[in-house]
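# Observations on the model geometry
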Amino acid sequence: MIRVCNLVKAFGDNVVLDGVDLHIKQGEIVVILGPSGSGKSTLLRCLNCMEDPSGGNIFFHGVDLADMKVDINLHRQKIGMVFQHFNLFNNKTVMDNMTLAPVYVAKKNCRKARVRKFFGKDYVAEDIKTAKQIKEEAKEKATELLGRVGLLEKADVYPSTLSGGQKQRVAIVRSLCMNPDVILFDEPTSALDPEMVGEVLDVMKSLALEGMTMAVVTHEMGFAREVATRVVFIDEGKILESGTPSEIFDNPKHPRLKQFLDKIL
């Protein structure tokens with residue numbers, strides 16, 4: 001699904017990613033480990049086109065997102081992102097936070113369908129919907145997802161009234177509202193109080209069981225051991241080791257990985 005080839009990202013003279021090669025297959029849960037400042041978050045931001053690569057290629061379903069001619073917004077719709085600090089709109093209700101993007105994209109697609117119809121080109125009649133239909137469908141999807149994570153009663157409240165764990169669960173299901181092919185998690189539990197971490201990890205585990213493709217930057221070693229299909233260790237902008245959880249945690253080979261695990265385990 002995703003193939004990263006010789007990815008380089010520099011901020012001025014500071015090279016944050018230095019020739020990263022990575023592949024993520026459909027249904028994989030890839031956990032990315034590494035010390036602070038190693039380039040983990042920058043890698044995710046490049047995958048979601050939030051940062052432009054300084055060099056290399058990022059192929060998503062065979063399309064190079066590093067190609068400036070590509071409409072990255074079209075592909076970004078299928079790449080969900082969950083941030084460390086939730087990034088919810090505090091002036092909008094939970095329901096509005098969840099339906100904002102799906103409604104916008106659906107309306108945009110309907111406008112395109114109407115243009116195709118006007119010029120006599122092929123179009124799918126179902127693509128053309130009223131604004132009311134679009135909002136109703138988005139709300140129906142959001143309601144279902146909120147129910148799945150036990151937050152249906154919070155649909156009409158504002159994020160400021162939620163706990164950290166509740167905010168992050170909303171952020172996850174907000175991403176799911178776009179029906180993504182892959183979700184990128186950037187340290188989703190690091191801003192939470194310890195007692196709230198479990199409720200967020202439980203949602204992520206359920207997604208893994210359902211076959212959602214995920215790339216997760218985290219320091220939750222238990223989650224990595226239990227859920228990951230592959231663990232990647234990155235330091236100073238380079239992937240130093242990659243393998244199954246058993247290979248990484250029980251039989252690490254690179255000295256830097258051994259040193260890292262000795263400190264955090």
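Residue indices begin from 1 for each chain and proceed along its sequence in written order. Local features in this predicted model are restricted to residues whose pLDDT is 70 or higher, and side-chain atom pairs enter the listing and the counts only when it is 80 or higher, whereas totals over whole chains, interfaces and linings include all residues. As a rule here, side-chain values cover all heavy atoms of the structure and leave hydrogens and water aside.

## Considering the overall build of the protein chain
Condition: Helix and strand definitions here come from DSSP, where helices need a minimum of 4 consecutive H or I residues and strands a minimum of 2 consecutive E residues; each element is numbered from the N-terminal end. We take the radius of gyration over the C-alpha atoms and set the globule estimate at 2.2 Å times the residue count to the 0.38 power. For every residue, the accessible area (1.4 Å probe, protein chains only) is compared with the maximum for its type, and the residue is labelled buried under 20%, exposed over 50%, or partly exposed between those bounds. Here, two residues are considered to be in contact whenever any of their heavy atoms come within 4.5 Å of each other.
On a plain count of helices and strands, the protein chain comes out with nine helices and 10 strands. Here the C-alpha radius of gyration of the protein chain, 20 Å, is about what a compact globule of 265 residues would show, namely 18 Å. Along the three orthogonal principal directions, the C-alpha set of the protein chain runs to about 60 × 45 × 35 Å. Within the protein chain, buried positions represent 47% of all 265 residues. The long-range fraction of contacts in the protein chain, counting pairs at least 24 apart against all pairs at least 6 apart in sequence, stands at 67%.

## What to know about the sheet that holds strand β1 (residues 2-11)
Short version of the rule: Here a strand pair is declared whenever DSSP counts at least two bridges between the two strands. Fitting a line to C-alpha atoms yields each axis, with helices limited to the stretch in contact; the angle taken between N-to-C directions then spans 0 to 180 degrees.
The strand order across the open sheet built from four strands is β2-β1-β4-β5, with neighbouring strands paired in antiparallel fashion. The outermost strands of the open sheet, each flanked by one partner alone, are β2 (14-24) and β5 (63-64). Lying over the sheet, helix α1 (residues 40-47) contacts β1, β2 and β4 (55-60), oriented at roughly 115° with respect to β1.

## What about the sheet that holds strand β3 (residues 29-33)?
Pairing in this open sheet of six strands is mixed, and the strands run β6-β7-β8-β3-β9-β10 from one edge to the other. Strands with a single pairing partner mark the edges of an open sheet, and in this sheet they are β6 (79-82) and β10 (238-243). Recorded for the sheet is a direction-independent mean angle of 20° between the axes of neighbouring strands. Of the pairings in the sheet, the one linking β6 to strand β7 (residues 182-186) comprises four bridges and is parallel in character. In the sheet register, M81 faces β7, and the bridge partner there is L184. With respect to the sheet, helix α6 (residues 194-209) is in contact with β3, β7 and β8 (213-217), its orientation differing from that of β8 by roughly 145°.

## Observations concerning the packing of aromatic side chains
The test is simple: Two rings belonging to Phe, Tyr or Trp (six-membered ring only in the last case) form a pair when the distance between their centres is within 6.5 Å. Interplanar angles under 30 degrees mark stacking, angles over 60 mark edge-to-face geometry, and anything in between is tilted. A ring is considered to have a charge above it if a Lys NZ or an Arg CZ atom is located within 6 Å of its centre and within 35 degrees of its normal.
Under the defined criterion, the tally for this structure stands at one aromatic pair. Against the face of F59 rests R3, its NZ or CZ located 4.6 Å from the ring centre. Lying across the ring of F11, K9 places its NZ or CZ 4.8 Å from the centre.

## Some thoughts on α6
Under the convention used in this document: One less than the residue count of a helix, multiplied by 1.5 Å, gives the span that helix is expected to have.
Under the 1.5 Å per step criterion, the end-to-end length of α6 is 24 Å for 16 residues, consistent within 8% with the ideal 22 Å. Looking at the buried residues of α6, the elements they touch are β3, α4 (131-148), α5 (164-176), β7, β8 and α7 (221-227). Positive phi shows up at G211, right after α6, with a value of about 95°.

## Re the nonpolar core
Spelled out, the test is: By nonpolar core we mean a set of buried residues, namely Ala, Val, Leu, Ile, Met, Phe, Trp, Tyr and Cys, connected to one another through side-chain atoms within 4.5 Å.
Core analysis: the largest hydrophobic core is formed by 48 residues, its most contacted members being M98, I172 and F185. Considering every element that reaches this core, the biggest residue donor is α6, with eight residues. The next biggest cluster of nonpolar side chains, apart from the first, holds 26 residues, and it includes L7, L17, L47 and V182.

## Notes on the layout of surface pockets
Gaps left between atoms show up when a probe the size of a water molecule is rolled over them. We count it as follows: A cavity here means a set of points on a 1 Å grid, drawn over the protein atoms and nothing else, where a 1.4 Å probe fits but cannot get out; a pocket is an open set with protein on both sides within 12 Å along at least five of seven lines, and a residue lines either one if it has an atom within 4 Å of a point. Grid points are joined across faces, edges and corners, and a volume is the space filled by probe spheres set on the points. Put simply, Ala, Val, Leu, Ile, Met, Phe, Trp, Tyr, Cys and Pro go in the nonpolar bin, Asp, Glu, Lys and Arg in the charged bin, and everything else, Gly too, in the polar bin.
Of the volumes computed, that of the largest pocket is approximately 700 Å³. If you go around the largest pocket, you meet 23 residues; those closest to its centre are R76, Q77, I79, A101 and M178. A total of eight residues in the lining of the largest pocket trace back to one element, the largest contributor, which is helix α3 (residues 94-118). Class assignment of the residues belonging to the lining of the largest pocket gives a composition of 13 nonpolar, seven polar and three charged.

## Focus on the state of the cysteines
Convention followed: In this description, a disulfide is simply a cysteine sulfur pair whose atoms lie within 2.5 Å.
A complete count under the given rule lists zero disulfides for this structure. Sulfur of C46: no disulfide; nearest cysteine sulfur belongs to C49 and is 8.8 Å away. Taking relative accessible area as the criterion, C46 reaches 1% and is therefore assigned buried.

## Examining the pairing of strand β9 (residues 230-235)
Burial within β9 is extensive, with six of its six residues counted as buried. Here β9 shows no split at all, with R230, V232 and I234 on one side and V231, F233 and D235 on the other all buried. Where β3 lies against β9, four bridges are found, and the strand directions are parallel. Within the sheet, the bridge partner assigned to V30 lies in β9 and is R230. Of the strand pairs in this sheet, β9 and β10 are connected by five bridges, and their pairing is antiparallel. Of the residues in β10, the one forming a bridge with I234 is I239. Remark: two residues form the turn of the hairpin made by β9 and β10, two consecutive strands paired antiparallel; E236 in that turn has positive phi of roughly 50°.

## What about the pairing of β3?
Most of β3 is tucked away: five of the five residues are buried. Residues I29, V31 and L33 of β3 are buried on one face, and the alternating residues V30 and I32, pointing to the opposite face, are buried as well. Relative to β8, β3 runs parallel, the two sharing four bridges. Bridge assignment links I29 to a residue of β8, and that residue is M214.

## Re α1
Counting buried positions along α1 gives six out of eight residues, so the element sits mostly inside the fold. Looking only at α1, the buried set comprises K40, T42, L43, L44, C46 and L47.

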